[in-house]
Every structure is written in C-alpha cells, then in structure tokens.
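Structural overview for review
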Amino acid sequence: MKISDVVRRKGDQVVTVRPEETVERLLQLLEEHRIGAVVVSTDQSSVDGIVSERDIVRHLHSKGAAVLSLPISAIMTAEVTTCDPDAAIEDLARTMTELRIRHVPVVVDGRLRAIVSIGDIVKHRIDELQTERDQLVGYIQQ
C-alpha cells in the first residue's frame, strides 16, 4: 500500500500559513481546523517549514507568553521530512517513528499536495485489517 491510498481516503486538503504570521494566528488555525500541525509556505505550494503544537510548547517553555507575538518562522522546523505519493506506508510509518515526527507533507515535483499524520496511517492500517478480517470471516462462513 502507498501513501496515495491514505491521501485518497482522507483527502488532500492542507492548511498552510505564511512564515511572517504570528504564533497567536497559528494557534487560531490549529483550533479552527482541529489539527496538530501546519505547513509553513510563502505561496501555499512550497514547503518552507512545518510548525506543530510541540514547537509551540517548547518555545512557550523557554520564552513565556511572548512567544505568541513572534513570527512563525521563529519557532518552525525548517528542515522538513517529506514524502511522495508512491512511498510505501510501512516505510513512512517507520521513518515517522524513528524521527519522532507526527506529520509529513506529501510533495510532487516540489509542490505541496497533501499531508499525512501518524494517526492517518494508523487509521488506514486498522481499516485494512478490518477488511481482511471481514473477508476471512466471510470465507470461513461460506
């Protein structure tokens, strides 16, 4: 199975934010969309960085409430692990676990196409296992 299968099920909508926006605006986006990370992009198609709830918490600890007025570029992760739609789900799950990351942008020809979370991958795998189970039960009951 490939990442494109996960994207096909979950959809390809990606919330992006410009690097000069404030952390306060980032918090609004996370709450509004009920997500844990946002891709930082100057043009809504490039991946200039990624910023997550973890980034906010780490900087809140060190900078206090002043972090809310900082630009997102001050707290984002600039070196982003990405994947392409043809990546194997198992390989990406392993990479995410080893790197301790929860969100990976899906990129095609340098352009942002989707984002997958570890939760998306786990849900996809559970759905696969349920389908296999149902097929086996159906076969046995014939």
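- Going by the annotation in an unreviewed UniProt entry, the name recorded for the protein chain is CBS domain-containing protein, with Pedococcus sp. KACC 23699 given as the source organism.

1. Concerning the pairing of strand 2 (residues 37-40)
- By the alternation rule, side chains of strand 2 split into Ala37 and Val39 and Val38 and Val40, which are all buried.
- Handedness of the strand 1 (residues 16-17)-helix 2 (residues 23-33)-strand 2 crossover: right-handed.

2. Let's talk about the UniProt feature "domain: CBS" (unreviewed entry) in the protein chain
- Mapped onto the present numbering, the UniProt feature "domain: CBS" (unreviewed entry) falls at residues 7-67 and 76-131.
- Across residues 7-67 one finds 43% helix and 16% strand; the C-alpha atoms that close the span lie 33 Å apart.
- Overall, residues 76-131 shows 45% helix and 23% strand. The separation of its end C-alpha atoms is 39 Å.

3. Concerning the pattern of salt bridges
- Within the structure shown, the criterion is met by nine salt bridges.
- Of the charged contacts, one joins Arg18 and Glu20 as a salt bridge, the two residues approaching to 2.7 Å between their closest N and O atoms.
- On the basis of relative accessibility, which here comes to 38%, the residue Arg18 falls in the partly exposed class.
- Overlapping salt bridges, with partners in common, bring together Arg9, Lys123 and Asp127 in one network.

Calculation criteria
Per chain, the residues get numbers from 1 upward, laid out in the order the sequence is written. Selection of residues for local features in this predicted model requires a pLDDT of at least 70, selection of side-chain atom pairs for listing and counting requires 80 or more, and totals for whole chains, interfaces and linings are taken over all residues. Hydrogens are left out, water is left out, and the side-chain values use all remaining heavy atoms of the structure. Remark: exposure states derive from per-residue accessible area (1.4 Å probe, protein chains only) relative to the maximum for the residue type, with buried under 20%, exposed over 50%, and partly exposed in between. Under the scheme used here, helices are H or I runs from DSSP no shorter than 4 residues and strands are E runs no shorter than 2 residues, and both carry numbers assigned from the N terminus. For the handedness criterion, the strands are oriented away from the viewer, and a crossover whose path from the first strand over the helix to the second runs clockwise is classed as right-handed. UniProt positions are given in the numbering used here, feature names are shortened, and annotations may be inferred rather than shown by experiment. Note on definitions: salt bridges are taken to be side-chain nitrogens of Lys or Arg within 4 Å of carboxyl oxygens of Asp or Glu.

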